[in-house]
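# Descriptive analysis of the structure
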Amino acid sequence: MKTLQVQLGERSYPIYIGSGLLDQAGLLAQHIKSKQVLVVTNETIAPLYLDKILKNLAGYSVETVILPDGEQFKTLDFVNKIFDKLLSSKFSRNATLIALGGGVIGDMGGFAAACYQRGIAFVQIPTTLLAQVDSSVGGKTGVNHPLGKNMIGAFYQPQAVLADADVLDTLDDRQLSAGLAEVIKYGLISDVEFFEWLELNIDALLTRDKQALAFAIERSCINKAQVVAEDETETGVRATLNLGHTFGHAIETGMGYGAYLHGEAVAIGTCQAADLSRRKGWLNDNDVDRIITLFKKARLPVLPPEELDADRFIELMAVDKKNVDGQIRLILLKHIGEATLPVSVPRELLELTLKHYARE
Ligand code: NAD
Ligand code: GLY
């Protein structure tokens, strides 16, 4: 097992990465401060892993909430189901919430923990590659709104993250690829060596080589933990983690939550951001080719949906947390391995990317 630390002063916490972590009762227990524990998961993950967690919690007073599965349920209405259970079970302020699932459950569980009685402890047990390399680390929690992705939420850090690589055995190939989109992101924004490693090892990751996956999870978490430690509430460098996300969120909202997986939308959005970075004169044709090739090899889509024309894209992109005074601001790439902070781009240039990207 590897242990990384997210350094946030008195709110610092460990990320445990390894195999068989869900079978180590003591690991979870040391981060639970009182008898009352609520496990939040969904109807797909519950039959696979809930029993393992409950076994580790013998002796605690445990309740569970099993939500429906899907991005379309990442709403305030379904977070309310968590509050219903916490209240009807008379959970007090020293209770602990465990979020067992992918990014959807982690974001919702974390948000419920942030709000219930103004904050109870929570532990992240991420079960998708995407959640293990990104969403479980860093304390962004929240839900979607019909008008914008992740627009309602809070920064709220967990007590610990337990990333057990064994749970990825049951993840389907499409979800594995979606997670790789965020893995590739770290290489692009700040870790050119990792990007080069990914170019060489993408097939090993797709065939679920355990060593390759363990390396990719650890390297991603090291990158993420560093950025979060530097800028917890995204006043600066943390925004770089949003590479491709403004385009990607527009795709998710515009096409209806769940039509594209988050990682798929991010892959397309990152290719669009790369195209725009080339138009700004920062990336060259070869860089853009390398980026698109890696996403394609990871079996991710690289072309935006035809249903969204440039005007609709721009309308959707206008709802984004990086925007200031109504101006769309994007993370772009200076080089492979170096992202910009949020930049405004002239509308004509953005339209060129939206109209012509990958159809030239
Ligand atoms: P997800 O949570 O919907 O999980 C994907 C699918 O895999 C679901 O059907 C789920 O039930 C299933 N699943 C989960 N674990 C499984 C397992 N071990 N075996 C079999 N099936 C399993 O999607 P995701 O990709 O994990 O997360 C996407 C969400 O994360 C989006 O809502 C996105 O906005 C959010 N996100 C948040 C952050 C953050 O910093 N908080 C970062 C990135 C993404
Ligand atoms: N996934 C973006 C962030 O954590 O900031």
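Residues numbered from 1 in each chain as written. Chains lettered and ligands numbered in written order. Predicted model: local features only at pLDDT ≥ 70, side-chain atom pairs only at ≥ 80, totals over all residues. Heavy atoms only, no water.

### Concerning the site of ligand 2
In the vicinity of ligand 2, the contacting residues are Asp134, Lys140, Lys224, Glu234, Arg238 and Leu241. The contact in question runs from an oxygen atom of ligand 2 to an N or O atom on the side chain of lysine 140, over 2.8 Å. Contact between ligand 2 and arginine 238: an oxygen atom at 2.8 Å from a side-chain N or O atom of the residue. Within the complex, the protein chains bury 90% of what would otherwise be the 200 Å² of accessible surface of ligand 2. Its residues assigned to classes, the shell around ligand 2 comprises 1 nonpolar, no polar and 5 charged. (Near = heavy atom within 4 Å. Polar contact = N/O pair within 3.5 Å; in protein donor to acceptor, adjacent residues only side chain to side chain. Areas by Shrake-Rupley, 256 points an atom, 1.4 Å probe, with all protein chains shown as cover. Nonpolar A, V, L, I, M, F, W, Y, C, P; charged D, E, K, R; others polar.)

### Some thoughts on helix 4 (residues 103–115)
With 13 residues, helix 4 ought to run about 18 Å at 1.5 Å a step, and its terminal C-alpha atoms sit 18 Å apart, in line with that. Taking burial as the measure, the 13 residues of helix 4 include 11 buried ones, the bulk of the element. Within helix 4, the full set of buried residues consists of Gly103, Ile105, Gly106, Asp107, Met108, Gly109, Gly110, Phe111, Ala112, Ala113 and Ala114. A positive backbone phi angle near 50° is found at glutamine 117, which sits one or two residues after helix 4. (Helix = DSSP H or I, 4+ residues; strand = E, 2+ residues; numbered from the N terminus. Expected span 1.5 Å × (residues − 1). Buried < 20%, exposed > 50% of the residue type's maximum accessible area, 1.4 Å probe, protein only.)

### Here's the deal with the nonpolar core
In terms of nonpolar packing, the biggest core is built from 99 residues, with Phe295 and Leu350 touching the most fellow members. The contact partners of phenylalanine 295, leaving out residues within four places of it in the chain, are Ala181, Ile184, Leu188, Ala267, Thr270, Cys271, Leu300 and Val302. With 21 residues, the next largest nonpolar core counts Leu38, Phe111, Ala113 and Ile120 among its residues. (Core = buried A, V, L, I, M, F, W, Y, C linked by side-chain atoms within 4.5 Å. Contact = heavy atoms within 4.5 Å.)

### Some remarks on the site of ligand 1
Near ligand 1 you find 27 residues, and of these Asp69, Lys74, Thr127, Thr128 and Thr170 are the closest. Within the side chain of asparagine 150, an N or O atom sits 3.3 Å from an oxygen atom of ligand 1. Counting residues per element, the ones that place at least two in the shell around ligand 1 are helix 2 (46–56), helix 4, helix 5 (129–135), strand 8 (148–155) and helix 6 (173–190). Of the residues that constitute the shell around ligand 1, the class distribution is 7 nonpolar, 11 polar and 9 charged.

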